[in-house]
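Structural description and commentary
Here is how the chains run, residue by residue.
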Amino acid sequence: MNGIIVEAEIENIVDTVISDFDGDKTIDAVNIFNKPDKAEVTILVENLLRIIYPGYFRDRTYKIYNPNNSFAITIEDIFYHLNKQVTLALDFCKKRGTLTEESRAEESYRICKEFFSQIPKVREFIETDVLAAFDGDPAAGCFEEIILAYPGLFATTVYRIAHELYKLQVPVLPRLMTEYAHSQTGIDIHPGATIDKFFFIDHGTGIVIGETAVIGKNVKVYQGVTIGALSTRGGQKLSGKKRHPTICDNVTIYAGASILGGDTVIGENTVIGGNTFITRSIGANTIVSMKNLEMEYRTNNNELKTEEVVQSDEWYYII
């Protein structure tokens, strides 16, 4: 096959694919310069970490002689790029409707000012999360280890940043932020969830916390936990409705537990054992566990043995 034939075939392939862009599908929009930039949002998150944890994250490509000057430059840079991304994102907000270019710019500036005014509050909450991690994990050697290495704190930090933008009704960007944290940690916290102080995620991989979940103070969650919706078959008809559980203060949820449903409330001081499946409310001061499980063993000779596992309450204190 000579080069001329190959070139013609490639041109035909290109024409076929491009012609399909002219249809009426949702994914046909080609305006690539008028949408939030996923890579830019990732950079925004990384830069925001520098002002959330000013002593821990910085651009090491340049020297710092006056930290305050450096922080000022960083804050101004974040404000500029956040304002740019919010302006683009406002076109996608169902609740706001279509805005003129001037109105969009004014609204974006207002949102960014309000967002930055909440940074001290965000840092106040994150400080309690660090303390909760140190107090709740005997493997934590120091605060620095938690801040630099713990995926749960990273995911919670990004969530707390994104949550402020979510409350300001900024579309797309909050989800891009938390999905970045999700991709890095395996922890999926929707920016719409409401999470109070002293929140600690231990290990964390596989955790899912839904949009309308409400979580109180001093809650500890282990890996593989789902705080989710009982059903999403209603699709968009369920938008804006409470679909996810309420977890009250001082609750511990062990690995693999699933707590589902907008009417489900887990009372304060309750312990939810591993691998439990809960779809109704649990009262305060309760221990919930899976009891009398059956283990199955099969030998090389295909001999089957079963053993009933009677769970002791001691595991609550040794995990």
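Structure first, text after, so check above.
Residues numbered from 1 in each chain as written. Predicted model: local features only at pLDDT ≥ 70, side-chain atom pairs only at ≥ 80, totals over all residues. Heavy atoms only, no water.

**Details of the overall build of the chain**
Along its length, the chain carries nine helices and 16 strands. Every one of the 319 residues in the chain was classed for burial, and the buried ones make up 39%. Across the chain, the fraction of contacts at a sequence separation of at least 24, relative to all contacts at a separation of at least 6, is 47%. Surface summary for the chain: the accessible area is close to 18,500 Å², and the carbon and sulfur share equals 53%. (Helix = DSSP H or I, 4+ residues; strand = E, 2+ residues; numbered from the N terminus. Buried < 20%, exposed > 50% of the residue type's maximum accessible area, 1.4 Å probe, protein only. Contact = heavy atoms within 4.5 Å. Areas by Shrake-Rupley, 256 points an atom, 1.4 Å probe, with all protein chains shown as cover.)

**Some thoughts on the packing of helix 2 (residues 38-52) against helix 8 (residues 173-185)**
At a closest axis distance of 9 Å, the pairing of helix 2 and helix 8 adopts a crossing angle of 70 degrees. Judged by the angle between their axes, helix 2 and helix 8 are roughly perpendicular. Along its contact with helix 2, which presents K38, V41, T42, V45, E46 and L48, the element helix 8 presents L173, L176, M177 and Y180. Among the residues forming the contact of helix 2 with helix 8, the class breakdown is seven nonpolar, one polar and two charged. (Axes fitted to C-alpha atoms, helices over the stretch in contact; angles between N-to-C directions. Parallel < 35°, antiparallel > 145°, perpendicular 65-115°, else oblique. Nonpolar A, V, L, I, M, F, W, Y, C, P; charged D, E, K, R; others polar.)

**Considerations on the side chain of D202**
With respect to the secondary-structure elements, D202 resides in the loop between strand 3 (200-201) and strand 4 (208-209). No salt bridge is formed by the buried D202, whose closest oppositely charged neighbour, K220, lies at an N-O distance of 4.5 Å. With residues up to four places along the chain from it excluded, the contact list for D202 reads D137, K220, V221, Y222 and Q223. (Lys, Arg positive; Asp, Glu negative; His and termini not counted. Salt bridge = Lys/Arg side-chain N within 4 Å of Asp/Glu carboxyl O.)

**Here we look at helix 8**
Compared with an ideal rise of 1.5 Å per residue, which puts 13 residues at 18 Å, helix 8 spans 19 Å between its outermost C-alpha atoms and is within 8% of the ideal. At the C-terminal side of helix 8, G186 shows a positive phi close to 80 degrees. (Expected span 1.5 Å × (residues − 1).)

**A closer look at the sheet that holds strand 5 (residues 214-215)**
Strand order in the open sheet formed by four strands is 2-5-8-11, with parallel pairing between adjacent strands. Looking at strand neighbours, the two that pair on one side only are strand 2 (194-195) and strand 11 (265-266), the edges of this open sheet. The pairing of strand 2 with strand 5 spans two bridges and is classified as parallel. The partner of I195 across the bridge, within strand 5, is I215. (Pairing = 2+ DSSP bridges.)

**Considerations on the environment of L90**
You can see L90 is positioned in the loop between helix 3 (67-89) and helix 4 (101-117). The class of L90 is buried, set by a relative accessible area of 0%.

**A few points about unusual backbone geometry**
Even without glycine at this site, H203 takes up a positive phi of about 70 degrees. Tracing the backbone shows H203 in the loop between strand 3 and strand 4. Unusually for a residue other than glycine, N250 sits at a positive phi of about 60 degrees.

**Notes on the nonpolar core**
With 40 residues, the main nonpolar core has L82, V86, F115, F116 and M177 as its most contacted residues. Elements supplying a minimum of two residues to this core: helix 2, helix 3, helix 4, helix 5 (119-136), helix 6 (143-149), helix 7 (151-167) and helix 8. When residues in this core are grouped by element, the largest group, seven residues, is from helix 2. Aside from chain neighbours lying at most four places away, what touches F116 is I51, I75, I78, F79 and L82. Formed by 26 residues, the second largest nonpolar core is a distinct cluster that contains A193, I209, V219 and I259. (Core = buried A, V, L, I, M, F, W, Y, C linked by side-chain atoms within 4.5 Å.)

**Comments concerning the packing of aromatic side chains**
Taken as a whole, this structure holds six aromatic pairs when the rule is applied. Ring geometry for F79 against Y109: centres 5.6 Å apart, planes inclined by 70 degrees, an arrangement best described as edge-to-face. Of the two residues, F79 sits in helix 3 while Y109 sits in helix 4, which places them 30 residues apart along the sequence. Y109 gets classed as partly exposed once you look at its relative accessible area, which sits at 43%. With a centroid separation of 5.5 Å and an interplanar angle of 35 degrees, the aromatic rings of F79 and F116 are classed as tilted. Here the residue F79 occupies a position in helix 3, and F116 occupies one in helix 4, the gap between them amounting to 37 residues. The exposure class assigned to F116 is buried, which follows from its relative accessible area of 15%. By the ring-pair criterion, three or more aromatic residues cluster together here, those being F79, Y109, F115 and F116. The residue whose ring lies beneath K197 is F125, and the NZ or CZ to ring-centre distance is 5.3 Å. (Phe/Tyr/Trp six-rings, centres within 6.5 Å; stacked < 30°, edge-to-face > 60°. Lys NZ or Arg CZ within 6 Å of the ring centre and 35° of its normal.)

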